[in-house]
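Tertiary structure, described
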Amino acid sequence: MKIKLKIWRQPNAGTKGAMHDYDLAEVSEDMSFLEMLDLLNENLNEQGEDPVAFDSDCREGICGTCSLMINGQAHGPDVATTCQLHMRSFKDGDTITVEPWRAEAFPVLKDLIVDRSAFDRIIQSGGFISANTGSAPEANNLPVEKAKADRAFDVATCIGCGACVAACPNGSASLFVGAKITHLGELPQGQPERDMRVVDMVAQADYEGFGGCTNIGECTAACPKEIPQDVISQLNKDLRTAMKHGH
Amino acid sequence: MTCVATPTLVKGSRSTRSTIALKILMAVTGLVFIGYVLLHMYGNLKVFAGQEAFDEYAHHLRTFGEPMLPYGGLLWVIRAVLLLSVIGHAYSAFALWSRASKARTHKYVMMKAVTATLSSRMMRWGGVALLLFVVFHLLHLTTHTINVNGDPGSPYERLVSSFQPGQWWVAVIYLLAMLALAMHLRHGVFSVSQTLGYSNNARSRARANFAGVFLAVVIAGGFALVPLSILFGIVD
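I will try to describe carefully the structure that is included in this document. (Residues numbered from 1 in each chain as written. Chains lettered and ligands numbered in written order. Predicted model: local features only at pLDDT ≥ 70, side-chain atom pairs only at ≥ 80, totals over all residues.)

**Concerning the overall build of chain B**
The condition is simple: Put simply, DSSP marks the helices as runs of H or I at least four residues long and the strands as runs of E at least two long, and each gets a number from the N terminus on. Whether a residue is buried, exposed or partly exposed is read from the other C-beta atoms within 10 Å of its own C-beta, which are placed from the backbone; 20 or more gives buried, 12 or fewer gives exposed, and intermediate counts give partly exposed. Two residues qualify as being in contact provided that their C-beta atoms, derived from the backbone, are within 7 Å of each other.
Tallying secondary structure elements over chain B gives eight helices and zero strands in all. For chain B, the sequential pattern of α-helices and β-strands runs α-α-α-α-α-α-α-α. For chain B, buried positions account for 28% of its 236 residues. Taking as baseline every contact in chain B between residues at least 6 positions apart, the subset at least 24 positions apart corresponds to 69%.

Below you can see the structure in the form of structure tokens.
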């Protein structure tokens, strides 16, 4: 199949970028979106042009490294990461617009690569538990209710790709923070730091320049791991509880 | 240039300084408005019980609580609560609006909304529209500064004369405002539940969503019945 690409090109963080048009032939519908970009880059290399910079790592949908706003949707039209999106989701002759995540907290480093270390700092500020060192405790000493274990596991599938921020009209990180809060808050090990965690993580997200949540739900629609909107309700509830406890 | 490197972590964070605290202020003041519009709508529907019942109700609102409260005392208490709520609601809305526009200064060339309802996307401008309507409404039926059809003596007569077909534009303004109110309630009620942390699973989220639609239809519909009935001569 033949496609037309409109891709954001920006040499570095300090230089202004622009959309560039590329024509690409001999695209197989079995290619992943990233393999299609690899093909484009091979062509660009042959022509002596600078290849398009984009993030990728595992290419099996579990690491959260790939990103890309594809035709106005984070990770493209399917509920999957960009590496799991295949060219069969597009038609021959399609024009595909590819942009980086847009948020002040995610500055563009080059082309389609953004700096997502704001997420790392949010995790650093509270996404941890304290555990005593020494010999490992007997696993069955700490029973976890099935419903709680399931919910903790489901939201722990968040891979921190940033699609929620990219899709949010407010550039809010609430779905990400909510997933982390819920993941640790459902488990007994997460209880000692529970109040401190939500206050610190929310403060860090605010400090990084993410917007506030207006419960529109675009984040959860864009999430490749289908994290539900109720983690945001949980986040708000935990913050209110911390407020009551005087934090 | 150091883009990545040194992490800066916030020290001494407080829950009350967060964006979520602003959202909670917005939700609580929103609940005050929901309670108020429900009572206001109930009072308006007295118009269907006839002139005497409506005027009596309007009078009783002012003598309510006498002699513990002075004449009109209850209304002033309600006005004070509403004024404080408007200030809180608008302050948090504008603070969050400005934050959101700073969170993404570089817009996408192409951006598709997948699940956003029209109501959810109209919250901010719809809120501004409602605020302007409230100013108009107060100038019209509270202070009588805007006088559309003479100044008849009783509240009932003033109401009925305002929505006569001859001044159809008054009814249009009110009906458009009720559409804006319906949309604001439809997303606002759901948002209150989310912000106060009452929709922590799919079922409660569906319930909150339904409550939004239900209250929007009941409240805006209840309000709209009055100008519509007058316009079509059912009430005269």
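**Focus: the sheet that holds strand β5 (residues 95–99) of chain A**
All names here are of chain A. Stated formally: At least two bridges found by DSSP between two strands are what make those strands a pair.
Read across the open sheet, the five strands follow the order β2-β1-β5-β3-β4; overall the sheet is mixed. Sheet topology places β2 (18–24) and β4 (73–74) at the edges, where each strand pairs with a single neighbour. Bridge count between strand β3 (residues 69–70) and β5: two bridges; the pairing is antiparallel. From the neighbouring strand, I70 faces β5, where its bridge partner is V98.

**As for the packing of helix α1 (residues 19–44) of chain B against helix α8 (residues 202–231) of chain B**
Residues and elements named next belong to chain B. Put simply, the rule reads: The angle between two axes is taken between their N-to-C directions and runs from 0 to 180 degrees, where each axis is a line fitted to C-alpha atoms and a helix contributes only its stretch in contact. A crossing counts as left-handed when the near helix is turned anticlockwise from the far one by less than a right angle, and as right-handed when that turn is clockwise. For this scheme, ten residues count as nonpolar: Ala, Val, Leu, Ile, Met, Phe, Trp, Tyr, Cys and Pro. Four count as charged, namely Asp, Glu, Lys and Arg, and the remainder, Gly too, count as polar.
Orientation of α1 relative to α8, taken along the N-to-C sense of each, is 35 degrees, at an axis distance of 9 Å. Of the two possible hands of crossing, α1 and α8 adopt the one that is left-handed. Residues I34, V37, L38, M41 and N44 of α1 form the contact with α8, whose participating residues are L215, I219, G222, F223 and V226. Taken together, the residues of the contact of α1 with α8 break down into eight nonpolar, two polar and no charged.

**Some words on the packing of helix α5 (residues 174–185) of chain A against helix α8 (residues 230–244) of chain A**
Residues and elements named next belong to chain A. Inclusion rule: These descriptions rest on fixed angle ranges, namely under 35 degrees for roughly parallel, over 145 for roughly antiparallel, 65 to 115 for roughly perpendicular, and the rest for oblique.
It is the contact of α5 with α8, at a shortest axis distance of 8 Å, that shows an interaxial angle of 70 degrees. Overall, the two elements α5 and α8 adopt an arrangement that is roughly perpendicular. Within the contact between the two elements, α5 uses S174, L175, V177, G178, A179, I181, T182 and G185 and α8 uses V231, I232, Q234, L235 and D238. Residues that form the contact of α5 with α8 fall into these classes: seven nonpolar, five polar and one charged.

**As for the nonpolar core**
For soluble globular proteins, nonpolar side chains are generally found buried alongside one another. Note the following rule: Working definition: the nonpolar core is a set of buried Ala, Val, Leu, Ile, Met, Phe, Trp, Tyr and Cys residues, joined through C-beta atoms within 7 Å.
Ranked by internal contacts, the top residues of the largest apolar core, which has 101 residues, are C164(A) and V165(A). Here the element with the most residues in this core is helix α7 (residues 168–195) of chain B; it accounts for 13 residues. Excluding residues that lie within four positions of it along the chain, V165(A) makes contacts with W101(A), A103(A), F106(A), G171(A), S172(A), A173(A), F176(A) and F210(A).

**Some details on the interface of chain B and chain A**
Of the residues lining the interface, 47 residues belong to chain B; the matching set on chain A comes to 52 residues. Only α1, α3 (73–103), α7 and α8 of chain B provide two or more residues apiece to the side of chain B that touches chain A. Along the lines of polarity and charge, the residues of the side of chain B that touches chain A split into 24 nonpolar, 16 polar and seven charged.

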